[in-house]
Amino acid sequence: MVCFRGNYFTMENRIEYLFSASNFRISKTSVTTMIKDEYQTITAAVTANFTDRASKFLTFVFPITNEEDIKQHLEILKKEHWKANHHCYAWRLGTDGNQYRANDDGEPSGSAGKPILGQIDSFGLTDVLVVIVRYFGGTKLGVSGLINAYKTGTALALDKANVITKTIDNQYKIIYDYGITSPIMSFVNQYELTIVSQAFEAKAMLIFAVKVSKADEILKLLSEKSLNEGFADDFVIKEIIINT
């Protein structure tokens, strides 16, 4: 018997399902109208410089995956630019973008970190850290001037960044008899599933990835195919939980 039990999460909706070739069903605790399955981030670090009334604003943008990355980048910049007056920054993290922070580092409240974060959001990015190092030039810029400077410095750098779109996927492992390799691979190719890895031992193993918004549909289609083509008892599928 093919059997599967798993779960996945959307922004606010927990979906549980039981899957078997002979009895496929999905039970939902709430109705999901839209599942976010893409996000944008950058591929590499970029820098930019901006000067306003002799104050120098050096912008450093980094791709990040966790808060430890943020800590390390900040420590390095503070050591390299230890004479600077301010090291202001903002970051947004996670595929849902719910983790974020903005820091003014001694500038007037809301004049540095907030406009930096605002530009990250304007570019629609996550998993990004922006640090702006300021060397004071002797003339005060005022709150409005600072907001403009930190906003401009961030925008100049992000304009240079290579932005990519990534998908939010579920991964599934199929363990199957070699005799059903053809229908399994036919299914994978037909629905353009991403093959993550394969192994060939006593039985064949394949791990594939699919966008979270398509996961329910793909599982149901695979169940129907296995029943219609008579290989329901020849494979097992389970979700792989990825800790991020």
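Scroll up to find the structure.
Each value, and the rule that gives it
Residues numbered from 1 in each chain as written. Predicted model: local features only at pLDDT ≥ 70, side-chain atom pairs only at ≥ 80, totals over all residues. Heavy atoms only, no water. Phe/Tyr/Trp six-rings, centres within 6.5 Å; stacked < 30°, edge-to-face > 60°. Buried < 20%, exposed > 50% of the residue type's maximum accessible area, 1.4 Å probe, protein only. Helix = DSSP H or I, 4+ residues; strand = E, 2+ residues; numbered from the N terminus. Contact = heavy atoms within 4.5 Å. Axes fitted to C-alpha atoms, helices over the stretch in contact; angles between N-to-C directions. Parallel < 35°, antiparallel > 145°, perpendicular 65-115°, else oblique. Left-handed = near helix turned anticlockwise from the far one by under 90°. Nonpolar A, V, L, I, M, F, W, Y, C, P; charged D, E, K, R; others polar. Pairing = 2+ DSSP bridges.

> Residue-level account of the packing of aromatic side chains, with values.
Inspection of every chain in the model, using the stated rule, returns 6 aromatic pairs. Grouped by ring-pair contacts, the aromatic residues F50, F57 and Y150 constitute a single cluster.

> Outline helix α2 (residues 113–122), supporting the account with residue identities and numerical values.
Residues of α2 that are buried include every one of G113, P115, I116, L117, Q119 and I120, and no others. In this structure, the buried residues of α2 make contact with β7 (86–93), β8 (99–103), β9 (128–135) and α3 (142–160). Looking one or two residues past α2, G124 carries a phi angle of roughly 70 degrees, positive in sign.

> How would you explain the packing of helix α4 (residues 181–190) against helix α5 (residues 215–229) if you had to name every residue and give the values?
Packing of α4 against α5 leaves a shortest axis separation of 11 Å and a crossing angle of 150 degrees. The orientation of α4 relative to α5 falls into the category roughly antiparallel. Note on packing geometry: the crossing formed by α4 with α5 is right-handed. Residues P183, S186 and F187 of α4 form the contact with α5, whose participating residues are I218, L221, L222, K225 and E229.

> Summarise the environment of A48; cite the residues concerned and give the values.
Summarising the element assignment, A48 is placed in strand β5 (residues 46–52). Separated by 109 residues in the primary sequence, A48 and A157 have C-alpha atoms spaced 4.9 Å apart. Look past the residues within four positions of A48 in its chain and what remains in contact with it is F57, L58, T59, G153, L156, A157 and K160.

> Residue-level account of the packing of α2 against α3, with values.
Packing of α2 against α3 brings their axes to within 8 Å, and their N-to-C directions diverge by 35 degrees. Judged by the sense of rotation from one axis to the other, the crossing of α2 with α3 is right-handed. Contacts from P115, I116, Q119 and I120 in α2 reach I147, Y150, K151, T154, A155 and L158 in α3. A class-by-class count of the residues in the contact of α2 with α3 yields 7 nonpolar, 2 polar and 1 charged.

> Which residues make up the pairing of strand β12 (residues 194–200), and what values do they have?
With 6 bridges joining them, β12 and strand β13 (residues 204–211) adopt antiparallel strand pairing. Of the residues in β13, the one forming a bridge with A199 is M205. With antiparallel pairing between neighbouring strands as the criterion, β12 and β13 make up a hairpin whose turn holds 3 residues.

> Explain the sheet that holds β13 to me, using residue names and the numbers behind them.
Pairing is antiparallel in the open sheet, where 4 strands are placed in the order β12-β13-β11-β14. Because the sheet does not close on itself, it has two edges, and the strands there are β12 and β14 (235–240). Each strand of the sheet is rotated relative to its neighbour by a mean of 20 degrees, with strand direction disregarded. Inspection of the sheet shows strand β11 (residues 169–176) paired to β13 by 8 bridges, in the antiparallel sense. Of the residues in β13, the one forming a bridge with I174 is L206. In the packing of α4 onto the sheet, contacts are made with β11, β12 and β13, and the angle to β11 comes to roughly 170 degrees.

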